Amino acid sequence: MNWSDPNRRDSRLERLGRAIVLGVVTLVDGSRRVAGAVLVLALLLTAASLYYTVTHFAINTDMRDALSRDLPFQQAQVRLDREFPVLSDTVLVVIEGRTRGLAARAARHLAARLRVRSRWIREVYVPGGSEFFRRNGLLYLSEDQLWALSNRLSKAQPLISQLSRNPTLPGLLSLLGRGLERAGRPGPQLSDLGTIFAQLRKAMRAQEQGRFYQIPWGGLMRGTSDGEEARRTYVIVQPRFDYGRLQPALEALQTIRAATRALHLDAEHGVRVRLTGSAALDNEQLKTVSQGTGIATGLSVVLVLMLLVFALRSARMVAAALLTLFMGLVWTAAFALFTTGPLNLMSMAFAVLFVGLGVDFGIQFSMRYREEYDAGASHNEALQLTGWGIGGALCLAAVSASISFYSFVPTEYAGIVDLGIIAGTSMFIALLANLTVLPALLTLMPVARRPGGPQRRTLSLRRLPVQRHARTIVVGGILLAAACLPLVLQARFDFNPLHLQNPHGEAVATFEYLLKHSKTSPYTIDIIEPDLEHAERVAAKLDKLDVVSHALTLASYVPDDQAKKLSIIRDMSLLLPPFALLPAKVPSPDATAIRRALEKFERKLESFHAGTADRGLAREAEALARTIRGYLVRFASSPDTLVTLQRRVISGLLDQVRDLGIALGAAPVTLKDLPHSLRDRYLAADGTARVEVFSTLDLSDNRNMRRFVGAVRTIAPDAAGAPVMLVEGGNAVVQAFRKATSISLLTITALLLLALRSVRDTLTALAPLGLAALLTVALMRLAGISFNLANIIVLPLLIGLGVAFGIYLVTRWRSGIPVADLLQTSTPEAVLFSALTTMSSFGSLAVASDPGMSVLGRTLSISLAAVLLCILILLPAILALRATPTPGAGTGRGKAR
């Protein structure tokens, strides 16, 4: 660097600058002199660091620690988790049955099996599936619904009562046969014969086609078909986590899947089971991230090796650069685990940042060494000249890059504070490695001098028309910046981590489906009130909001108008006494009995003539007769098939009859009667009450989620829950990066002003960074890429590399080299290959199957391309419009080559 001495203060800066450069030269030359000892010491340190890393490696995947617990919304969430611990970190088991009864039975059986698997399962809850709701479920119907059910049951009373005495397929067919005989005659009729005939036909046809089908007796009794929502039930499982594993909930999820297999909860048995919820989503993301790195890593290694070979044209230099990079990475990993403990999902990105800038330091040093060595200097002289020529720039770049990372430390984004400490310190580790290990390796593995001298550049940039069109380039850069501004103002931050996961994964696809199609959204807001009375008042206010579907408290589960409803239920129980609804215990019929019953019933159907009064029933009877004939031709000699038909026709009916018998025994319900499993979700032991708020909006849209959260928080500012965490967490992340960016830019600017002692030179070094940032955001907008939790770490890397590249070119130009000659040196060439290597290394992530990794790779590629364009085109153009500085003795070596 050029250091002048206009006053005493500047003299001190000059002496400091010379001392730094002299220290770099001494360190480089000392490493050369004792190269063997340096390498042995480095290998021992690497081995020790590697051992420490392997034995202490741990990942904290608990995303609750990502943001400071002092933030108001975090405190609200902490209070919610403390008062209602059963609500956090759950697996939502979504069970969809061919009938409502199948889904309910599957949920009960799965819950019972999981409750005894306490090693990995902490809590199991079935919403609306306890014995309490089986007994009192009718009280939650409206009066109109109860009267309609009463009318249906009065018509079905003969079928239900008589079938209870003989709950078998032959018993059902016999009963239907008698009903068929009375059809069209005066007197009591068996209702819905035509509908039951159609359902029997569907069951037999499904069996012929190899499909599962069970008659929906519940819907037939209610007189309505079971809709998709009605045929879906849920089991909420709270797993035990092992946060020392990459997939903390893996064992619990495997336990759930094993239980579903053991219970035969699959399509062949009329049930579909899917897992989602926060724990399943996190597990799926961590799994896809670990699997998606394979191709990306392989492609990255190949591309980086190709570029290093092309840049350095020496296998030994490539090996030296890569070995230095590897050692520095291992040292950094050990430092990270020693200082911050287990890595979090953000601090793991230190490797990306280290490789990006670490390989830059290695390329800059190696190519400058190659330039000096090819110019005729001996190995010893080439290393010394490299230290004098680029040592100061490397130190300034390392300090600037470290500042861009350390700027995250004062923010409230706890997850990235660790990243800032690790990545900031890693810049000095990378600098030390490249000033000690790399010179030692170049000494122990001497390279051959390239014929043609320093003019034989690997990739000369002198043909770039920068100097001839400098003014046009600068004006074009200003116009380009202006054109980018409208797009930059449209930039958005996507706070929803769901958008960074594979949309085809089971957990994500199920979650998205529930958001769009389920009345019971998995995204709810929770509000804590001091008691139930306050909670009810808040819920009443929330119910008036247009964005709120309904707000629930514990009191919401106490049925209204109980006296009137119980009166209707008592009338039904007189018609169908609960004891009469207990199916008699009779032996299951064998295949022969089932076949004979089908044959007998088929003959009755054949002989049936309803006359003109009920032609619809006649057609159904005729169609069922044909179906039975074909069925018997195919399966008469297949006992297992006939027994299966008995099960598919009768089992659902028996379940409905049993449930009806239990439900007709309903009794008055008060708050004290509500089950503990439900009370624990809405009322804490100290009386603290919870309000659960559901939205009318599609919360897969971030704008809707912001609207929902904003409206609810006007009434309940201390609201918690996933939507609040996502919206407010996203705001906190954006604020953290804004704060960190401001700190880093101000600090780096002050550092450059001190080091360069020139406002113009400082602005010259920073100008390309400004355009690169604008260009990056604008291109992201055009490509449809939003900032998100994955790619926002691009900002510190952009600042670090952008400032470093600018420093390299400006300091080389300040040594007295005109722009035309500057483009022929190794400096811009090293910048080019450094950027291309980093782009290849992490741009290869764009091909990863994980959307989060892919968007990170695409964003890095865009960012580095923008930096490269601005540094190699705009910066030389700006320098060309300025007078070339007079070379001074600031470095102690005169004019550098």
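Everything discussed here concerns the structure shown above.
Undergrad: Would you explain the pattern of salt bridges in this entry?
TA: When charged atoms on two side chains of opposite charge get close, those side chains can pair. If you walk through the whole model with that rule in mind, you get 30 salt bridges. One continuous salt-bridge network, built from bridges that share partners, spans E96, E228, E229, R232, R272 and R274.

Undergrad: What is the right way to read the nonpolar core from this model?
TA: Looking at soluble globular proteins, one finds that nonpolar side chains tend to be buried together. Formed by 271 residues in total, the largest nonpolar core has its most connected members in V93, I95, F197, I527, V649 and V693. The greatest single-element share of this core, amounting to 17 residues, is contributed by helix α30 (residues 851-880). With near-sequence residues (within four places) excluded, V649 lies in contact with L169, L172, L200, A203, I215 and W217. Within the second largest apolar cluster, six residues are counted, among which are A76, F84, A684 and A720.

Undergrad: I tried to follow the packing of aromatic side chains on my own but got confused; where do I start?
TA: Pairs of aromatic rings are described using the distance from one ring centre to the other and the angle between the two planes. Applying the stated criterion to the full structure yields 11 aromatic pairs. Ring centres of F197 and F601 lie 5.9 Å apart, and the angle between their planes is 65°; this geometry places the pair in the edge-to-face category. Separated by 404 residues along the polypeptide, F197 in helix α8 (residues 193-208) and F601 in helix α20 (residues 591-606) bring together distant segments of the chain. Exposure remark for F601: the relative accessible area of 2% places this residue in the buried category. Centroid distance F408 to F737: 5.0 Å. Interplanar angle 70°. Geometry classified as edge-to-face. Placement of F408 in the loop between α14 (379-406) and α15 (414-444) and of F737 in helix α25 (residues 722-756) is noted, with a sequence separation of 329 residues between them. A relative accessible area of 3% means that F737 is categorised as buried.

Undergrad: Just to check I follow, could you spell out α15 for this structure?
TA: Because the α-helix completes a turn every 3.6 residues, residues three or four places apart line up on one side. Helix length check: α15 (31 residues) gives 44 Å between terminal C-alpha atoms against 45 Å at 1.5 Å per residue, within 8%. The largest bend in α15 comes to about 30°, at N434. Within α15, 25 of the 31 residues are buried, which leaves it mostly tucked inside the rest of the structure.

Undergrad: I tried to follow the side chain of S426 on my own but got confused; where do I start?
TA: With respect to the helices and strands, S426 occurs in helix α15. Overall, S426 belongs to the buried group, its relative accessible area being 0%.

Undergrad: Looking at this structure, how should I read the pairing of strand β2 (residues 91-97)?
TA: The two faces of the sheet receive side chains in turn, since in a regular strand these alternate between them. For β2, the buried fraction is high: seven of the seven residues fall into the buried class. Burial of β2 is two-sided: the residues V91, V93, I95 and G97 facing one way and the residues L92, V94 and E96 facing the other way are all buried. Of the pairings in the sheet, the one linking β2 to strand β5 (residues 271-276) comprises six bridges and is antiparallel in character. When the bridges of β5 are listed, V94 appears paired with R274.

Reading the values: the criteria
Each chain has its residues counted from 1, running along the sequence as written. pLDDT decides what is reported in this predicted model: residues at 70 or higher carry local features, side-chain atom pairs at 80 or more are listed and counted, and totals for whole chains, interfaces and linings draw on all residues regardless. Note that water and hydrogens are dropped before the side-chain values are worked out from all heavy atoms of the structure. Salt bridges are counted wherever a side-chain nitrogen of Lys or Arg sits within 4 Å of a carboxyl oxygen of Asp or Glu. Here, the term nonpolar core denotes a set of buried Ala, Val, Leu, Ile, Met, Phe, Trp, Tyr and Cys residues that are joined through side-chain atoms within 4.5 Å. Using a 1.4 Å probe on the protein chains alone, a residue whose accessible area is under 20% of its type maximum counts as buried, one over 50% counts as exposed, and one in between counts as partly exposed. Labels follow the DSSP assignment, with helices taken as runs of H or I lasting at least four residues and strands as runs of E lasting at least two, numbered in each case from the N terminus. Whether two residues are in contact is decided by their heavy atoms: any pair within 4.5 Å suffices. Aromatic rings from Phe, Tyr and Trp, with only the six-membered ring used for Trp, were paired whenever their centres fell within 6.5 Å, and each pair was classed as stacked if the ring planes differed by under 30 degrees, edge-to-face if by over 60, and tilted otherwise. Multiply 1.5 Å by the residue count of a helix minus one, and that product is the helix's expected span. Note on bend: the value at a residue is the angle between axes fitted to the seven residues ending there and to the seven starting there. DSSP bridges decide pairing: two strands pair if at least two such bridges lie between them.

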